[in-house]
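Working through the structure, step by step
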Amino acid sequence: MNPTMLDSGMVRRKKEKEKRPVWGLPKGIVLLATPEGWRTSVLTMEGGMLCGRLDVPIDTDPHDARVAAAVMVAELARDFHDSDVEVSWDPPQEPWSWTAQVTLADNELPSPDAEG
């Protein structure tokens, strides 16, 4: 019997290692309070944007939502780029909307694979 065949006749495939998506290095955050919950858009240095729901309860205090968004972006930068970042929130321009600048921590340089 061929070692690549199963009893049912199906070919056994090697389980391929899941590739992680290549996310750009974050450079900014937009945080919005909506009736459905907190939403974020993460802007990347490469010009991309990652949008989604912030995983906090809908009635989370705005300060706590900003902290959660900053932690999420710091974890993305660490997990995908092995980089530490600092998040600096701008004064709000309108109610229920905040923006932040994301910069590499003082002692960090982009990793060689950060450019894509």
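In case you missed it, the structure is sitting above this.
Values in this document were obtained by computation on a predicted structure and should not be read as measured data.

Turning our attention to the nonpolar core. Membership of the largest hydrophobic core comes to 16 residues, with the highest contact counts inside it found for Ile-29, Leu-31, Trp-38 and Leu-54. Going through the elements one at a time, strand E1 (26-34), strand E2 (37-44), helix H1 (62-81) and strand E5 (97-104) are the ones with two or more residues in this core. With 5 residues, the single largest contributor to this core is H1. Sequence-distant contacts of Leu-31, that is, excluding residues within four places in its chain, are made with Trp-38, Arg-39, Thr-40, Leu-54, Ala-65, Arg-66, Ala-69, Trp-89, Trp-96, Ser-97 and Trp-98.

Below, the discussion takes up the pairing of E1. Where E1 and E2 come together, 8 bridges link them in antiparallel fashion. Across the sheet, the residue bridging to Val-30 is Ser-41, located in E2. The turn linking E1 back onto E2 is made up of 2 residues. In the sheet, E1 pairs with E5 via 5 bridges, with the strands oriented antiparallel. Pairing of Ile-29 across the sheet is with Ala-100, part of E5.

A word on the sheet that holds E2. Taken in spatial order, the 5 strands line up as E3-E2-E1-E5-E4 in an open sheet, and their pairing is antiparallel. Both outer strands of the open sheet, strand E3 (49-53) and strand E4 (85-89), are each paired with one neighbouring strand and no more. Each adjacent strand pair in this sheet contributes to an overall mean axis angle of 20°, direction not counted. In the packing of H1 onto the sheet, the strands contacted are E1, E2, E4 and E5, and the crossing angle to E1 comes to about 145°.

Quick look at unusual backbone geometry now. A negative phi angle is the norm for most residues apart from glycine, just as the trans form is the norm for most peptide bonds. A positive phi angle is found at Asp-82, which is not glycine, with a value near 50°. Residue position: Asp-82 is located in the loop between H1 and E4. In this structure, Trp-96 is a non-glycine residue whose phi angle is positive, near 65°. Secondary-structure assignment places Trp-96 in the loop between E4 and E5.

With respect to the helices and strands, Ser-41 occurs in strand E2. For Ser-41, a relative accessible area of 17% gives the class buried.

Right, let's get into the packing of aromatic side chains. The final tally for this structure, using the stated rule, is 3 aromatic pairs. Residues Trp-38 and Trp-98 carry aromatic rings whose centres are separated by 5.6 Å and whose planes lie at 40° to one another, so their mutual orientation is tilted. One end of the pair, Trp-38, is in strand E2; the other, Trp-98, is in strand E5, with 60 residues separating them in the sequence. Under the relative-accessibility criterion, Trp-38 is labelled buried at 2%. Note on Trp-98: relative accessible area 8%, which makes it buried. Among the aromatic residues, ring-to-ring pairing joins Trp-38, Trp-96 and Trp-98 into one connected group.

The rules behind these values
Residues numbered from 1 in each chain as written. Predicted model: local features only at pLDDT ≥ 70, side-chain atom pairs only at ≥ 80, totals over all residues. Heavy atoms only, no water. Core = buried A, V, L, I, M, F, W, Y, C linked by side-chain atoms within 4.5 Å. Buried < 20%, exposed > 50% of the residue type's maximum accessible area, 1.4 Å probe, protein only. Helix = DSSP H or I, 4+ residues; strand = E, 2+ residues; numbered from the N terminus. Contact = heavy atoms within 4.5 Å. Pairing = 2+ DSSP bridges. Axes fitted to C-alpha atoms, helices over the stretch in contact; angles between N-to-C directions. Phe/Tyr/Trp six-rings, centres within 6.5 Å; stacked < 30°, edge-to-face > 60°.

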